[in-house]
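Structure at a glance
Chain by chain, the residues:
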Amino acid sequence: MSAPLVVLVGPMGVGKSTVGELLAERLGVALRDTDADIVAAEGRTITDIFVEDGEAAFRVLEKAAVRRALTEHPGVLALGGGAILDPDTRHALAGLPVVYLSMDVEEAARRTGLNTARPLLTINPRKQWRELMEARRPLYEGVARSVVATDGRTPEDVTQDVLDVLELKTANPGDAPDARQEDVVTASVTRIQVGGTAGSDPYEVLVGRQLLGELGGLIGERVKRVAVLHPEALAETGDALRADLADQGYEAVAIQVPNAEEAKTAEVAAYCWKALGQSGFTRSDVIVGVGGGATTDLAGFVAATWLRGVRWIAVPTTVLGMVDAAVGGKTGINTAEGKNLVGSFHPPAGVLCDLAALDSLPVNDYVSGLAEIIKAGFIADPVILQLIEADPEGARSPAGPHTAELIERSIKVKAEVVSSDLKESGLREILNYGHTLAHAIEKNERYQWRHGAAVAVGMHFAAELGRVAGRLDDATADRHRTILEAVGLPLHYRYDQWPKLLETMKVDKKSRGDLLRFIVLDGLAKPTVLEGPDPAVLLAAYGEVGE
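Now for a look at the structure at hand.

Cut-offs applied
- Residues numbered from 1 in each chain as written.
- Predicted model: local features only at pLDDT ≥ 70, side-chain atom pairs only at ≥ 80, totals over all residues.
- Heavy atoms only, no water.
- Helix = DSSP H or I, 4+ residues; strand = E, 2+ residues; numbered from the N terminus.
- Buried < 20%, exposed > 50% of the residue type's maximum accessible area, 1.4 Å probe, protein only.
- Contact = heavy atoms within 4.5 Å.
- Areas by Shrake-Rupley, 256 points an atom, 1.4 Å probe, with all protein chains shown as cover.
- Expected span 1.5 Å × (residues − 1).
- Pairing = 2+ DSSP bridges.
- Axes fitted to C-alpha atoms, helices over the stretch in contact; angles between N-to-C directions.
- Polar contact = N/O pair within 3.5 Å; in protein donor to acceptor, adjacent residues only side chain to side chain.
- 1 Å grid on protein atoms, 1.4 Å probe; cavity = no way out; pocket = protein on both sides within 12 Å on 5 of 7 lines; lining within 4 Å.
- Points joined across faces, edges and corners; volume = space filled by probe spheres on them.
- Nonpolar A, V, L, I, M, F, W, Y, C, P; charged D, E, K, R; others polar.
- Core = buried A, V, L, I, M, F, W, Y, C linked by side-chain atoms within 4.5 Å.

1. Looking at the overall build of the protein
Broken down by element type, the protein carries 22 helices and 16 strands. Within the protein, the fraction of its 547 residues that count as buried is 55%. Here the analysis covers contacts within the protein between residues at least 6 apart in sequence; of these, 75% occur between residues at least 24 apart. Summed over its atoms, the accessible surface of the protein is roughly 22100 Å², and 50% of this surface lies on carbon and sulfur atoms.

Printed below as a string of structure tokens:
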């Protein structure tokens with residue numbers, strides 16, 4: 001039995017893991033995290049344990065994990081935020097080198113952001129934080145030998161303070177840590193510029209974690225009212241944002257709409273207009289759309305049509321929403337005749353892609369979003385394909401090693417295209433690769449198919465169409481099948497539905513009169529338009545897709 005060299009305690013989001021890793025490196029020992037121990041033992045996330053078994057059951061697991069770690073681990077030990085709630089655990093920490101990492105309320109709300117993996121901060125971050133800290137601060141201070149504040153400081157500075165207060169000698173005292181400018185737990189934020197065209201202003205797409213603190217800056221100080229438009233499935237998240245914005249001084253209202261494509265109707269749009277009218281919404285106010293692609297499509301359309309256009313901000317919470325729907329300013333709703341036939345080009349004032357929102361996304365929804373990422377790889381950035389092919393199983397999970405890079409690369413592809421062609425008069429058409437058939441499938445399935453699944457089938461068809469038309473080489477066409485299948489996306493649709501799909505495609509937005517237009521590839525990352533293909537060519541291509 002051996003006691004830890006350092007025990008870090010403190011609230012969720014304070015940076016125990018980040019500082020712990022630096023401490024372990026400086027001291028030449030290992031880091032152990034009791035939350036990670038629980039996840040490994042249970043095979044479930046902390047959130048899933050909370051939801052499925054309840055907090056009391058989780059605390060039993062946590063107490064046992066802490067007890068084991070305290071007797072087994074001689075290095076740096078990081079405890080979960082609520083570990084000190086147990087009196088036996090507090091007793092076991094007595095006399096040990098415990099350091100309490102602290103931060104204030106505003107910093108906590110900014111850091112935790114939209115992370116649904118933090119089960120105790122799912123409603124109003126500031127309010128919940130205050131309540132948690134009122135109960136826990138005396139407990140943290142009671143078990144700690146020293147307190148180290150983290151607000152506005154680098155991980156290296158905090159690490160050095162911990163070493164100093166405990167009077168610990170590093171394994172290599174002559175090695176100074178590399179200076180980093182980010183905050184203790186605030187991961188680097190990627191800012192992707194989308195240029196303004198056709199009279200629209202440029203805006204930024206922010207990709208990272210803990211981005212909630214950026215929302216107020218995008219909204220602006222002159223705004224009086226903010227409407228948070230969210231789907232039913234994200235009722236708690238929508239209300240959390242509304243409450244958080246209200247705490248910042250805005251007159252904030254939440255507008256709940258149906259889930260997924262059911263939200264994209266004229267009736268739902270009219271309901272939103274009514275809510276805005278009753279709230280006294282003016283041209284200087286802002287709409288925030290929180291949710292998947294369907295929600296941001298609707299939010300943008302409502303913003304475009306209210307008072308002939310008000311500012312709006314997209315906060316996409318799905319892969320599809322982040323890499324496709326929320327970027328570019330295409331907004332719209334569906335009709336009985338087809339998808340997105342009523343809409344407007346109305347770019348947002350900004351987009352917040354908080355990757356933490358993906359942590360609890362169902363696997364089928366996450367994988368569906370990969371279709372748009374793969375599309376970006378085929379039409380413009382082959383590195384995307386290489387990353388997925390190198391680790392297809394990792395690509396299927398938000399915890400995969402390349403998640404942030406895949407999403408950032410996909411957004412950059414779309415940002416570059418829409419910056420030069422906002423209203424789809426030319427280059428922007430390439431973003432519709434695989435979408436002509438996909439939209440027809442979605443309509444045929446009454447929008448019960450996931451968009452990404454339909455796009456996957458549509459890309460398979462587009463690849464075969466390019467091959468049959470003599471435009472695309474066999475290797476690149478076959479690569480479509482391989483990569484889509486590797487991540488679990490579908491390749492086929494019912495063969496007997498071809499006549500109905502063909503008729504639907506004739507009213508697609510890309511058609512000119514009765515002339516069908518398809519985006520195909522002349523080679524990898526060489527998209528082009530195939531106009532008016534022979535019906536026999538179309539049928540032959542679909543013959544490879546239909547089953």
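2. With respect to helix α1 (residues 16–27)
Over its 12 residues, α1 runs 16 Å from end to end, which matches the ideal 16 Å to within 8%, given 1.5 Å per residue. Regarding α1, the residues found buried are Lys 16, Val 19, Gly 20, Leu 22, Leu 23, Ala 24, Arg 26 and Leu 27. Of the surrounding secondary structure, the elements contacted by the buried residues of α1 are β1 (6–9), β2 (31–33), β3 (76–78), β4 (98–102) and α8 (155–166). Following α1 by one or two positions, Gly 28 adopts a phi angle in the positive range, close to 75°.

3. Considerations on unusual backbone geometry
Positive phi is not limited to glycine here, since Glu 167 has a value of about 55°. With respect to the helices and strands, Glu 167 occurs in the loop between α8 and β6 (190–194). With a relative accessible area of 71%, Glu 167 lands in the exposed category.

4. Concerning the sheet that holds β1
Across the sheet, 5 strands lie side by side as β2-β3-β1-β4-β5; this open sheet has parallel pairing. Since the sheet does not close on itself, it has two edges, and those belong to β2 and β5 (146–149), each with one partner. The sheet shows a mean angle of 25° between the axes of neighbouring strands, taken without regard to direction. The sheet contact formed by β1 and β3 spans 3 bridges and is parallel.

5. Examining the environment of Leu 77
Take Leu 77: it is sitting in strand β3. Dropping the residues within four chain positions of it, Leu 77 is found in contact with Pro 4, Val 6, Val 7, Leu 8, Arg 32, Thr 34, Ala 69 and Leu 70.

6. Thoughts on the side chain of Thr 190
Following the sequence through the fold, Thr 190 ends up in strand β6. For Thr 190, the side chain forms a polar contact with the side chain of Glu 408, separated by 2.9 Å.

7. Details of empty space enclosed by the protein
Scanning all chains against the criterion turns up 5 cavities of 30 Å³ or more. Looking at the largest cavity, it is lined by 13 residues, and the ones nearest its centre are Gly 338, Lys 339, His 439, Thr 504 and Asp 508. Listing elements by their share of the lining of the largest cavity, those giving two or more residues are β13 (338–345), α18 (435–444) and α21 (498–505). Ranked by residues supplied to the lining of the largest cavity, first place goes to α18 with 4 residues. Of the residues belonging to the lining of the largest cavity, the class tally is 4 nonpolar, 4 polar and 5 charged.

8. A short note on the environment of Ala 254
Tracing the chain through its elements places Ala 254 in strand β9 (residues 251–257). Its relative accessible area of 35% is what places Ala 254 among the partly exposed residues. Along the sequence, Ala 254 and His 230 sit 24 residues apart, while their C-alpha atoms lie 7.4 Å from each other. Residues within four places of Ala 254 in sequence aside, it is in contact with Val 228, His 230 and Arg 242.

9. Details of the nonpolar core
Within the largest apolar cluster, 96 residues are counted, with the highest numbers of intra-cluster contacts made by Val 205, Ile 287, Leu 298, Ile 374 and Phe 461. The contacts of Phe 461, once residues within four sequence positions are left out, are Leu 437, Trp 498, Phe 518, Leu 538, Ala 541, Tyr 542 and Val 545. With 19 residues, the next largest nonpolar core counts Leu 211, Leu 215, Leu 218 and Leu 245 among its residues.

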